[in-house]
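# Survey of secondary and tertiary structure
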Amino acid sequence: MKDFLYIGRPARVLFGAGSLQHLQREIDTIGASRALVLCTPQQREAGEQVAAILGARCAGLFDQAAMHVPIETAREARETARRLGADCAVAIGGGSTIGLGKAIALESPLPILAIPTTYAGSEMTTVFGITEGGVKKTGRDERVLPRTVIYDPELSAGLPRAMSVASGMNAIAHAAEGFYSVNTNPIIDLLAEEGIAAFGRALPVIAHGEAGSEALRQARYDALYGAWLCGTVLATVDMALHHKLCHTLGGSFGLPHAETHTVVLPQALAYNAPAAPEAMRRVARALGGASAPRAVFDLAQANGAPTSLRELGLKASDLDRACDLAMSNQYPNPRPLERAAIRQLLQDAFEGTRPA
Ligand code: NAD
């Protein structure tokens, strides 16, 4: 075993079916009394459910959360919180809504409570992103970390099956890259393997299980548990090639977040496999497969997730520029960044080739 540094994050986590009902108590626990509820227009119903549970402790509902946190939306939400006299914000939704909560926390003293309804993992991290003039800037700041996270598997029951699988693959990517991170440690490796295994069990049932069945309910539970673990990995150790590629493809070519992770992950793992054999062994073991890149590819394909960048709308003519962008910053990765091999990785991702 190598020496390591472990830095845990102090968020309070409440996990369980129906745990949303404890929201008022959680607001009291952080010493707040008037919450601004945040959601997207698509999840207004969930926002209203939260507002109803809060009753008199609800200062208002802001339902304009949007992908990539436009700066104008962040400003409007901050101003709404100030005008309504809110002393905390409750973000219910996926990474976009939690991202809006983080943008509020960045420039005001308001604590955030996050109620994740996808598996993206943002609620566990100190990473924020804000888009200004078409450019998304990201950074890290301890102030944006939600003070409390409520994981209620009943809230992800409405996440469409296809989105659930893609979001689960997004979470697996955090854990898979955690294994070969420059600053990983044995605790994080345990969380990563357990998180991937939870998705390995859950995603086939979420994709194909009978609506309303106990198996499907249990799979939603497993998946949200996996999301917490994988989000903790993302929060604690540095990511590598896979996350950089997805950031480039999402930011510069407008590709959808979770689906891009789904397509790129098996190819990024195949690229890194020769330099990270122990990581590959543990990813494969978590999924019960013989090869990590193929096990990840097969999990996506068998459960109806996209496997090619072509089907996400990327053009073949974009691949050279994507490769240039991916090569433009050097960052720690188990295998050095080799231009020809990265270009081939992107070609394989574009075509959806099953890793050899
Ligand atoms: P999202 O938050 O953009 O959600 C996609 C859509 O699904 C939205 O319309 C949302 O309202 C809807 N939705 C979410 N949960 C639902 C549910 N249970 N039922 C029905 N509809 C539901 O998607 P995402 O993949 O969770 O988040 C992606 C964004 O989060 C990206 O911008 C990404 O950069 C960011 N992100 C940030 C971090 C971080 O650490 N800062 C980590 C992961 C993702």
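The sections below set out a description of the structure shown in this document. Quantities reported herein were computed from a predicted structural model and do not represent experimental measurements. (Residues numbered from 1 in each chain as written. Predicted model: local features only at pLDDT ≥ 70, side-chain atom pairs only at ≥ 80, totals over all residues. Heavy atoms only, no water.)

## Some details on the sheet that holds strand S8 (residues 148–151)
- Taken together, six strands build an open sheet; the order of strands is S1-S8-S5-S4-S2-S3 and the sheet is parallel. This sheet does not close on itself; its edge strands, each paired only once, are strand S1 (12–15) and strand S3 (58–62). Averaged over neighbouring strand pairs, the angle between their axes works out to 15° when direction is ignored.
- Judged from the four bridges that link them, strand S2 (residues 35–38) and S3 form a sheet pairing that is parallel. (Pairing = 2+ DSSP bridges. Helix = DSSP H or I, 4+ residues; strand = E, 2+ residues; numbered from the N terminus. Axes fitted to C-alpha atoms, helices over the stretch in contact; angles between N-to-C directions.)

## So, the packing of helix H8 (residues 241–253) against helix H13 (residues 339–351)
- At a closest axis distance of 13 Å, the pairing of H8 and H13 adopts a crossing angle of 65°. Here H8 and H13 pass one another in a crossing that is right-handed. Each of Leu 241, Leu 245 and Leu 249 in H8 lies in contact with H13, whose residues at this interface are Ile 342, Leu 345 and Leu 346.
- Of the residues assigned to the contact of H8 with H13, the class counts are six nonpolar, no polar and no charged. (Left-handed = near helix turned anticlockwise from the far one by under 90°. Contact = heavy atoms within 4.5 Å. Nonpolar A, V, L, I, M, F, W, Y, C, P; charged D, E, K, R; others polar.)

## Let's talk about the site of the ligand
- Taken together, 23 residues surround the ligand, and among them Thr 40, Ser 96, Thr 117, Thr 118 and Thr 125 come closest.
- Within the side chain of Thr 118, an N or O atom sits 2.6 Å from an oxygen atom of the ligand.
- Contact between the ligand and Leu 155: a nitrogen atom at 3.2 Å from a main-chain N or O atom of the residue.
- The protein chains hide 82% of the 870 Å² of surface that the ligand would expose on its own.
- Here the element with the most residues in the shell around the ligand is helix H4 (residues 95–106); it accounts for three residues.
- Partitioned by chemical class, the residues of the shell around the ligand number seven nonpolar, 14 polar and two charged.
- Taken together, domain 1 (12–156) and domain 2 (161–351) each give at least three residues to the shell around the ligand, which thus spans both. (Near = heavy atom within 4 Å. Polar contact = N/O pair within 3.5 Å; in protein donor to acceptor, adjacent residues only side chain to side chain. Areas by Shrake-Rupley, 256 points an atom, 1.4 Å probe, with all protein chains shown as cover. Domains from an automatic or database assignment.)

## Looking at the packing of helix H6 (residues 186–208) against helix H10 (residues 277–287)
- Viewed as axis vectors pointing N to C, H6 and H10 meet at an angle of 35°, and their least axial separation amounts to 8 Å. Considering only the axes of H6 and H10, their crossing is right-handed. Only Arg 282, Val 283, Arg 285, Ala 286 and Leu 287 of H10 make contact with H6, whose side of the interface consists of Asp 189, Leu 190, Glu 193, Ile 196, Ala 197 and Gly 200.
- Here the contact of H6 with H10 is built from residues that sort into six nonpolar, one polar and four charged.

## Points about the pattern of salt bridges
- Counted under the stated rule, the structure contains 19 salt bridges.
- Across the salt bridge formed by Arg 44 and Asp 63, the nearest N and O atoms sit 2.9 Å from each other. Here Arg 44 is found in helix H2 (residues 44–54), whereas its partner Asp 63 is found in the loop between S3 and helix H3 (71–83), with 19 residues between them in sequence.
- Two residues, Arg 282 and Glu 193, come together in a salt bridge whose shortest N-O distance is 2.7 Å. Taken together, the residues span a long stretch of sequence, with Arg 282 in helix H10 and Glu 193 in helix H6 at a distance of 89 residues.
- For Glu 193, a relative accessible area of 13% translates into the label buried.
- Taken together, the salt bridges that share partners define one network made up of Asp 189, Glu 193, Arg 282 and Arg 285. (Salt bridge = Lys/Arg side-chain N within 4 Å of Asp/Glu carboxyl O. Buried < 20%, exposed > 50% of the residue type's maximum accessible area, 1.4 Å probe, protein only.)

## With respect to unusual backbone geometry
- Located in the positive-phi region is His 68, a residue other than glycine, with phi close to 70°.
- Within the fold, His 68 resides in the loop between S3 and H3.
- Residue classification places His 68 among the partly exposed residues on the basis of a relative accessible area of 30%.
- Even without a glycine there, the phi angle at Val 69 is positive, about 50°.

## A short note on the nonpolar core
- Core analysis: the largest hydrophobic core is formed by 75 residues, its most contacted members being Tyr 119, Ile 196, Phe 199 and Val 283.
- When residues of this core are sorted by domain, at least three fall in each of domain 1 (12–156) and domain 2 (161–351).
- Once residues within four sequence positions are removed from consideration, Tyr 119 is found in contact with Ser 156, Leu 159, Ser 164, Ser 167, Gly 168, Ala 171, Phe 199, Ile 206, Arg 220, Ala 223, Leu 224 and Ala 227.
- Within the second largest apolar cluster, 25 residues are counted, among which are Leu 241, Phe 253, Cys 323 and Met 327. (Core = buried A, V, L, I, M, F, W, Y, C linked by side-chain atoms within 4.5 Å.)

## Quick notes on the state of the cysteines
- Scanning all chains against the criterion turns up zero disulfides.
- Among the cysteines around Cys 230, which has no disulfide bond, Cys 246 carries the closest sulfur, lying 15 Å off.
- Owing to a relative accessible area of 0%, Cys 230 belongs among the buried residues under this scheme. (Disulfide = S-S within 2.5 Å.)

## Considerations on H4
- With 12 residues, H4 extends 16 Å from end C-alpha to end C-alpha; this agrees with the ideal 16 Å at 1.5 Å per step.
- In terms of burial, H4 is largely enclosed, as 11 of its 12 residues are buried.
- Within H4 the residues assigned to the buried category are Ser 96, Thr 97, Ile 98, Gly 99, Leu 100, Gly 101, Lys 102, Ala 103, Ile 104, Ala 105 and Leu 106.
- Packed against the buried residues of H4 are S2, S3, H3, strand S4 (88–93), strand S5 (112–116) and strand S6 (127–132). (Expected span 1.5 Å × (residues − 1).)

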